[in-house]
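Working through the structure, step by step
Below are the chains, spelled out letter by letter.
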Amino acid sequence: MKRSHKHPNQANPEHGSGFPPEDWWARRRNGFGMGLYRNTRDRKVAGVCAGLADHLNVDHWVIRLAALGGLIFFNSLMFFAYLGAWIAMAPRPNDDSTAPPYRYDEDMRQNRPINMFRYPLSPTDRLRTAQARMAKIVERTEQIERYVTSKRFDLDSEFSKMQK
């Protein structure tokens, strides 16, 4: 008798899908392996739109506006899609182990979550950006040095002493 070894992701005739129900709930708790959770902290209704916005790294109002447009144009279909997403998406756990990885964003000058739609600048572009910033710093420093070593600085400091 020959046994057939199935890959865990292959369909199982007993369950009719690629994963048994226990695996689906475990994957749900883990954000389906891609950090997809409902954001219950910034929620308006159930946190589905805020969670999708966090996952796609866009402002919450953009997803909410799209959901409202879907509700206007597709009525009950959008309602049931939202309801299904509410059930399918687990709330974000409180621990930081599921927090998305962060990368420094040069344009925003802050750490932002890495997402699938934003590609980092190439090292050459980052070097050019750093060189341009350094050139501005050097230029500003030269202006300050010229002012401090000028006679105008001496005159301004004398006037400030007189006002005290």
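Residues numbered from 1 in each chain as written. Predicted model: local features only at pLDDT ≥ 70, side-chain atom pairs only at ≥ 80, totals over all residues. Heavy atoms only, no water.

Overview of the overall build of the chain
In terms of helices and strands, the chain carries six helices and two strands. The helix and strand sequence of the chain, counted from the amino end, reads α-α-α-α-β-β-α-α. Across the 164 residues of the chain, 18% fall into the buried class. Pairs at least 24 apart in sequence give 38% of the contacts found in the chain among residues at least 6 apart. (Helix = DSSP H or I, 4+ residues; strand = E, 2+ residues; numbered from the N terminus. Buried < 20%, exposed > 50% of the residue type's maximum accessible area, 1.4 Å probe, protein only. Contact = heavy atoms within 4.5 Å.)

Here we look at the pattern of salt bridges
Tallied over the entire structure, the rule returns three salt bridges. Arg152 is paired through a salt bridge with Asp156; the nearest N and O atoms lie 3.4 Å apart. One end of the pair is Arg152 and the other is Asp156, both in helix α6 (residues 151–163) and four residues apart, which spans about a single turn. Between Lys161 and Glu158 there is a salt bridge whose closest N-O contact spans 3.8 Å. In this pair, Lys161 and Glu158 are both assigned in helix α6, three residues apart and thus about one turn of the helix distant. (Salt bridge = Lys/Arg side-chain N within 4 Å of Asp/Glu carboxyl O.)

Observations regarding unusual backbone geometry
Excluding glycine, a negative phi dihedral is what most residues carry, and trans is how most peptide bonds are arranged. Positioned with a positive phi, Asn75 is a non-glycine residue whose angle comes to about 40°. Following the sequence through the fold, Asn75 ends up in the loop between α3 (60–74) and α4 (76–88).

Let's talk about the side chain of His60
Its location among the elements puts His60 in helix α3. Dropping the residues within four chain positions of it, His60 is found in contact with Asn39, Asp42, Ala50, Ala53 and Asp54.

So, the packing of aromatic side chains
What the rule picks out here adds up to two aromatic pairs. Centroid distance Phe79 to Phe80: 5.4 Å. Interplanar angle 70°. Geometry classified as edge-to-face. Given the relative accessible area of 49%, Phe79 is considered partly exposed. Each ring, one from Tyr147 and one from Phe153, has its centre 5.5 Å from the other, and the planes form 85°; the classification is edge-to-face. Tyr147 gets classed as partly exposed once you look at its relative accessible area, which sits at 37%. Phe153 sits in the partly exposed class, given a relative accessible area of 31%. (Phe/Tyr/Trp six-rings, centres within 6.5 Å; stacked < 30°, edge-to-face > 60°.)

Thoughts on the packing of α3 against α4
The contact between α3 and α4 brings their axes to 6 Å, and the two run at 135°. When the interaxial angle is binned, α3 and α4 end up oblique. For the pair formed by α3 and α4, the contact residues are Ala67, Gly70, Leu71 and Phe74 on the first element and Ser76, Leu77, Met78 and Phe79 on the second. Classifying every residue of the contact of α3 with α4 gives six nonpolar, two polar and no charged. (Axes fitted to C-alpha atoms, helices over the stretch in contact; angles between N-to-C directions. Parallel < 35°, antiparallel > 145°, perpendicular 65-115°, else oblique. Nonpolar A, V, L, I, M, F, W, Y, C, P; charged D, E, K, R; others polar.)

In short, shape yes, function no, at least from these values alone.
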